[in-house]
Amino acid sequence: MARDKGEIRKMIEGLRALDTKRMYLNDFFHTWKESDDEISAVFKVAEILRGLRENNISSKVFDSGLGISIFRDNSTRTRFSFASACNLLGLEVQDLDEKVSQIAHGETVRETANMVSFMADVIGIRDDMYIGKGYTYMKSVADAVDQGYKDGILEQRPTLVNLQCDIDHPTQSMADLLHVINHFGGVENLKGKKVAMTWAYSPSYGKPLSVPQGIIGLFTRFGMDVVLAHPEGYDVMSDVEEIAAKNAAASGGSYKKVSSMAEAFKDADIVYPKSWAPFAVMEERTKLVGEGRFDELKDLEKRCLANNAKFKDWTCTEELMKTTKDGNALYMHCLPADISGVSCKEGEVEDSVFSRYLDPLYKEASYKPYIIAAMIFLAKFSDPASKLAMLLDEAKPRIR
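The shown structure was predicted, so the numbers you read here are calculated from the model rather than taken from an experiment. (Residues numbered from 1 in each chain as written. Predicted model: local features only at pLDDT ≥ 70, side-chain atom pairs only at ≥ 80, totals over all residues. Heavy atoms only, no water.)

**Looking at the pairing of strand S3 (residues 120-127)**
Most of S3 sits inside the fold, with 8 of its 8 residues counted as buried. Taken together, the 6 bridges between strand S1 (residues 66-71) and S3 define a ladder with parallel strand orientation. From the neighbouring strand, Ile68 faces S3, where its bridge partner is Ile123. Two strands pair when backbone bridges link them, and S3 and strand S4 (residues 159-165) are joined in this way by 5 bridges, in the parallel orientation. By the bridge assignment for S4, Ile123 is matched with Leu160. Crossover S3 to S4 through helix H5 (residues 134-150) is right-handed. (Buried < 20%, exposed > 50% of the residue type's maximum accessible area, 1.4 Å probe, protein only. Helix = DSSP H or I, 4+ residues; strand = E, 2+ residues; numbered from the N terminus. Pairing = 2+ DSSP bridges. Right-handed = clockwise from strand over helix to strand, strands pointing away.)

The following block contains the structure:
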């Protein structure tokens, strides 16, 4: 149901109470680097922007400008979510295809960053495949445009939004959590909810760690009981686990790791079965690529797939779902899922489970454009509440 203008105005007033000063003219890299107020502000602005659109009110705050997208890995949802977010605010999108740019001729990161940023207000980057590389590249781009702005080369300093790196996937985890907040009727209802973030079998190789790390790094901030489950050897980054444990202690929730899917699913309110590659495998792949030993990648893939195959029973089944809270846990996935008998012979989830949750899954994905737009909005306005109130008061129709 669409929110009325009174509800939107109430949300705007709630935003005024939050400290967002540090977000102004800043970047968004990892959720755990943002304060509680800043995380709450992203959720509030996302909901306000969605409310404006539901009421056919334009949220265009840019008359011109570019959003630059740099995708170093394949993407559907995040790519279109970034484009939608930019368009929602009035920006056009230009994708940087490194294969047809001067990067192939040895152009430096600093040069590329400045050349694409002359009239850019935001740069969205997805670089998630190599440990120690993705976030490092994003930070290099951010540092380059920062220097370009200080040197007077750029008229404005574009904001950088992490659309997924090797460490975190903040736009995904925040869209996921906003879905959870709405599903359970408010953030105040999350405390004590059990979240099962579990590894699941996939017949593919090298899925990033950033989704499970993003979930345990964010959901533990809201008083939930977060359980990470995976077979032996499929560890995530220990630094992120430490963050999750610290968050849980501060929020009154809990964080623990178990070695079976069954234990994780038992009485869970939310289940998130998702495949990822072991941290050690991702490190080895990064090293092989860095040393130019590409012939050895095939052997690594073969070994990884063989190891995955030992754990085909790690799949989300109807029987497992019956063991969740009242047999009715919220099933979540960042998509695309490996669906048994549909997209693969054996995969992360049974077709009957996945099909039953299609509408909630699509709803989950629908929050991402608004989350990204909120991140951009908060970086561009020192007083975001007043700007949003102005949009509501003017009520310019989006569709005339």
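**Here we look at the packing of helix H14 (residues 358-366) against helix H15 (residues 368-380)**
Running from N to C, H14 and H15 point in directions that differ by 15°, and their axes come no closer than 5 Å. What the angle tells us is that H14 and H15 run roughly parallel. Mapping the contact onto sequence places Glu364, Ala365 and Ser366 in H14 and Lys368, Pro369 and Tyr370 in H15. Residue classes in the contact of H14 with H15 are distributed as 3 nonpolar, 1 polar and 2 charged. (Axes fitted to C-alpha atoms, helices over the stretch in contact; angles between N-to-C directions. Parallel < 35°, antiparallel > 145°, perpendicular 65-115°, else oblique. Contact = heavy atoms within 4.5 Å. Nonpolar A, V, L, I, M, F, W, Y, C, P; charged D, E, K, R; others polar.)

**Topic: helix H1 (residues 5-16)**
Compared with an ideal rise of 1.5 Å per residue, which puts 12 residues at 16 Å, H1 spans 17 Å between its outermost C-alpha atoms and is within 8% of the ideal. Within H1, burial applies to Ile8, Met11, Ile12 and Leu15. Projected down its long axis, H1 shows its buried positions confined to an angular sector of 100°, all on one face. Opposite the packed face of H1, turned more than 90 degrees from it, sit the exposed residues Gly6 and Lys10. Considering only its buried residues, H1 is in contact with helix H2 (36-54) and helix H16 (384-394). N-capping of H1 is provided by Asp4, with a side-chain oxygen placed 3.0 Å from the backbone N of Gly6. (Expected span 1.5 Å × (residues − 1). Arc of directions from axis to C-beta. Polar contact = N/O pair within 3.5 Å; in protein donor to acceptor, adjacent residues only side chain to side chain.)

**What about the packing of aromatic side chains?**
Evaluated as defined, the whole model comprises 9 aromatic pairs. Plain terms: the ring middles of Trp199 and Phe311 are 6.2 Å apart, the flat faces sit at 85° to each other, and that makes the pair edge-to-face. Of this pair, Trp199 sits in the loop between strand S5 (194-198) and helix H7 (210-219) while Phe311 is found in the loop between helix H11 (295-308) and helix H12 (318-322), placing the two residues 112 residues apart along the sequence. As far as burial versus exposure is concerned, Trp199 and Phe311 are alike and both buried. Aromatic pair Tyr331 and Phe354: ring centres 6.4 Å apart, planes at 80°, arrangement edge-to-face. Note that Tyr331 is positioned in strand S9 (residues 330-331) and Phe354 in helix H13 (residues 351-356), a separation of 23 residues in sequence. On the accessibility criterion, Tyr331 (0% relative accessible area) is buried. A residue is classified by how much of its surface remains accessible, and Phe354, at 10% relative accessible area, is buried. Among the aromatic side chains, those forming a connected cluster through ring pairs are Trp199, Tyr234, Phe311 and Trp314. The residue whose ring lies beneath Arg50 is Tyr367, and the NZ or CZ to ring-centre distance is 4.8 Å. For the cation-ring pair, Arg72 lies above Tyr137, with the distance from its terminal atom to the ring centre recorded as 3.6 Å. (Phe/Tyr/Trp six-rings, centres within 6.5 Å; stacked < 30°, edge-to-face > 60°. Lys NZ or Arg CZ within 6 Å of the ring centre and 35° of its normal.)

Geometric descriptors of this kind do not, in isolation, establish any biological role.
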